[in-house]
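# A closer look at the structure
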Amino acid sequence: MRKMKMLLALTLALTSCAAAASCGSSGSKKDDLSSYEQKVEVKNTEDIEAIPDGAEKELRWLSYFDLNPTRRVPEKRTDLSLFEQKGGTIVYESCSSIEKYEKLASELLANTPPDMFWYESGMTFPANCVKEMFQPIDEIVDFDQPLWSDVKGMAEQYTLNGRHFVAPINYLPCSVLTYDKDVIEAAGLDDPYEVYLEGDWDWNAWYDMMFEYVGQAADGEERYGVNGWFAPFIYHSTGKTIVYYDEEKDEYAQRLDDPDLSRAANFLYDIKKNDLYMDQWIGQASDCFKANILFYAMGPWAVIDTHTPTESDHWGIVPIPRDPQSDTKYTTIDINAYMWVKGSTKKEAMKTWMECARIVYVQPEYIETEKAKFDENNPYWTDEMYQAAYVETISDNFTQLYDPGYGISTVLSDNDAANNDTLEAINALMYRWVMVDSPEGKQYTWTQLCETYRGTIQSELDTFNAAYKAYLEANA
């Protein structure tokens, strides 16, 4: 029973090279796993209707990666094979990842819209939905049907005027902590995953573990507690994001003065101040451990395939720790989804494609096949690692958050347009910069960051809210 439950909770994401503002990141999102616990009756592929005769069957896909087989990825995707069996084809139109929205805007202006576009947490929603680059999907996706009902709750967070714009195909964990069990044991530390299972894995337990490890360094030896991408998720573990949707006022607002966010900032400040954080980029866990760093914080893509452990490695994975003042475990997750472009009239083909794309993540035969592929490519991953990386954070053990701050405006949300030294839009910058030194060599405090950027954040929100209200009036 446990084996079958885990199997139904695990599935392989088939998207390739989706360079994205993944959970607000400006890095590349590799082929990754996604998982969730299936709670509904799964629709069969036979139940997906073929595109009707007389309907347009070709979808034009504007993106920086192809859904069709390529020289680099010659194997045909399962969702594409299903779509072709139902009569559809996808034509790829290439654009750069940085200029994708400019390309889309120019085609919309020329009244030659593509049909389909890739969802990204950076700028897709709500900003570019309010700009009417995309149209609602309620005509083609019924979230009360078995195929979609499991993602209905998340889809509700992507609505304007009660209309849905995003149908999550699958979920992706943003970041986990990978560690070397041999190093943990040699340092006399408790296994972090065991601490997690006992319910004690919080900021304090994590900090104490890093502090003790670093304190054991021999004379002349450099040790660190953590490297990688984790700062936003410490804030989010409080259950709050810097920017949020105020349902009562029907507008987007900021929480700079929230004491929980200040607490998270102070915790991260102490990690940096006490030299527990190594701030240089390291691309894989093995290199991190060789540099005497206890934890490697990154999405699971950074510890699979070409980054996977070897036979001699004994790695563990644990979720980002919870806020010690909360009994609820919160996390932000990324999603894979396809946006229906404004002006596209191919609703029959889009409906069929969305169902083909979704079903490969919920039908057991596909889940089993993709799990077997994962095991073949990552033979030294343990079931424990798999559970921690791909099951826990998107299970009922966690409350998943959506951070709208990554989708408000160019200044606030678009890393590709940022012109500061680290090329971070203000929302991303606010999450991380208590761990960055100023040009004068001093560490920023949360108070300093709020004083510096409060006016800009509020101005961007005011501008967006005005556009949002105008959109609501025009589309009432």
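Residues numbered from 1 in each chain as written. Predicted model: local features only at pLDDT ≥ 70, side-chain atom pairs only at ≥ 80, totals over all residues. Heavy atoms only, no water.

### With respect to the overall build of the protein
Each helix and strand counted, the protein has 17 helices and 20 strands in total. Relative to its length of 476 residues, the protein is compact, with a C-alpha radius of gyration of 22 Å against a globular reference of 23 Å. Relative to its full complement of 476 residues, the protein shows a buried share of 57%. Intrachain contacts of the protein at a sequence separation of at least 6 include 77% that bridge at least 24 residues. If you sum the accessible surface of the protein, you get close to 20,100 Å²; carbon and sulfur atoms cover 46% of it. Counting 41 positive and 81 negative side-chain charges, the protein places the averaged centre of each group 4 Å from the other. (Helix = DSSP H or I, 4+ residues; strand = E, 2+ residues; numbered from the N terminus. Rg over C-alpha atoms; globule rule 2.2 N^0.38 Å. Buried < 20%, exposed > 50% of the residue type's maximum accessible area, 1.4 Å probe, protein only. Contact = heavy atoms within 4.5 Å. Areas by Shrake-Rupley, 256 points an atom, 1.4 Å probe, with all protein chains shown as cover. Lys, Arg positive; Asp, Glu negative; His and termini not counted. Charge placed at Lys NZ, Arg CZ, Asp CG, Glu CD.)

### Points about a negative patch on the surface
A cluster of acidic residues, Asp190, Glu194, Glu198, Asp200, Asp208 and Glu212, forms a negative patch on the protein surface. Given a relative accessible area of 57%, Glu198 falls into the exposed group. (Patch = residues over 30% accessible without salt bridge, like charges linked within 9 Å, V, L, I, M, F, W, Y side chains within 5 Å. Salt bridge = Lys/Arg side-chain N within 4 Å of Asp/Glu carboxyl O.)

### A word on the environment of Ala302
Mapped onto the elements of the fold, Ala302 is located in the loop between β16 (293-298) and β17 (315-319). Given a relative accessible area of 0%, Ala302 falls into the buried group. With 124 residues separating them along the chain, Ala302 and Thr178 place their C-alpha atoms 9.7 Å apart. Non-local contacts of Ala302, meaning those with residues more than four positions away in its chain, are made with Gly283, Gln284, Ala285, Tyr296 and His307.

### Here's the deal with unusual backbone geometry
A cis amide bond links Phe125 to the next residue, Pro126, at an omega of 0°. Relative to the elements of secondary structure, Pro126 occurs in the loop between β7 (116-118) and α4 (127-130). Even without a glycine there, the phi angle at Met123 is positive, about 85°. As for its position among the elements, Met123 is in the loop between β7 and α4. A positive phi angle, near 55°, is found at Asp250, a position not held by glycine. Relative to the helices and strands, Asp250 resides in the loop between β13 (243-246) and β14 (251-254).

### Brief notes about the environment of Thr463
Note on placement: Thr463 falls in helix α17 (residues 446-474). As a C-alpha pair, Thr463 and Ile408 span 55 residues in sequence and 9.6 Å in three-dimensional space.

### Details of the pairing of β13
Sheet topology note: the β13/β14 ladder contains four bridges and is antiparallel. Bridging across to β14, Tyr245 finds its partner in Tyr252. The antiparallel pairing of β13 with β14 creates a hairpin that spans four residues between the two strands, and Asp250 there sits at a positive phi of about 55°. (Pairing = 2+ DSSP bridges.)

### Observations concerning the sheet that holds strand β18 (residues 330-336)
Here three strands make up an open sheet; going across it, the order is β10-β18-β20 and the pairing mixed. The open sheet has two edge strands with one neighbour each: β10 (170-173) and β20 (399-401). Shown here is a sheet whose adjacent strand axes are inclined to one another by a mean of 55°, direction ignored. (Axes fitted to C-alpha atoms, helices over the stretch in contact; angles between N-to-C directions.)

### Quick notes on the pattern of salt bridges
One pass over the structure, following the stated rule, counts 28 salt bridges. Between Lys103 and Glu107 there is a salt bridge, with its nearest N and O atoms 3.5 Å apart. Here Lys103 and its partner Glu107 are both found in helix α3 (residues 100-109), four residues apart, which amounts to about one turn of the helix. Among the residues examined, Glu107 registers a relative accessible area of 7% and is labelled buried. Linking Arg263 and Asp260 is a salt bridge whose minimum nitrogen-to-oxygen distance equals 3.1 Å. You can see Arg263 and its partner Asp260 sitting in helix α10 (residues 259-273), three residues apart, about one turn around the helix. Among the ionic contacts, a cluster of salt bridges with common partners joins Lys240, Asp258, Asp260, Arg263 and Asp323.

### Things to note about the side chain of Asp403
In this fold, Asp403 is placed in the loop between β20 and α15 (410-413). Here Asp403 is buried and forms no salt bridge, its nearest opposite-charge partner Arg255 lying at an N-O distance of 7.8 Å. Polar side-chain contacts of Asp403 include one of 3.1 Å to the side chain of His236. Separated by 2.8 Å, the side chains of Asp403 and Tyr431 make a polar contact. (Polar contact = N/O pair within 3.5 Å; in protein donor to acceptor, adjacent residues only side chain to side chain.)

### Digging into α10
Helix length check: α10 (15 residues) gives 20 Å between terminal C-alpha atoms against 21 Å at 1.5 Å per residue, within 8%. Burial in α10 covers these residues: Asp260, Leu261, Arg263, Ala264, Ala265, Phe267, Leu268, Ile271 and Lys272. Packed against the buried residues of α10 are α8 (203-215), β12 (224-228), α9 (231-236), β15 (277-278), α16 (426-432) and α17. Between the side-chain oxygen of the N-cap and the backbone nitrogen of Asp260 there are 2.8 Å, and the N-cap of α10 in question is Asp258. (Expected span 1.5 Å × (residues − 1).)

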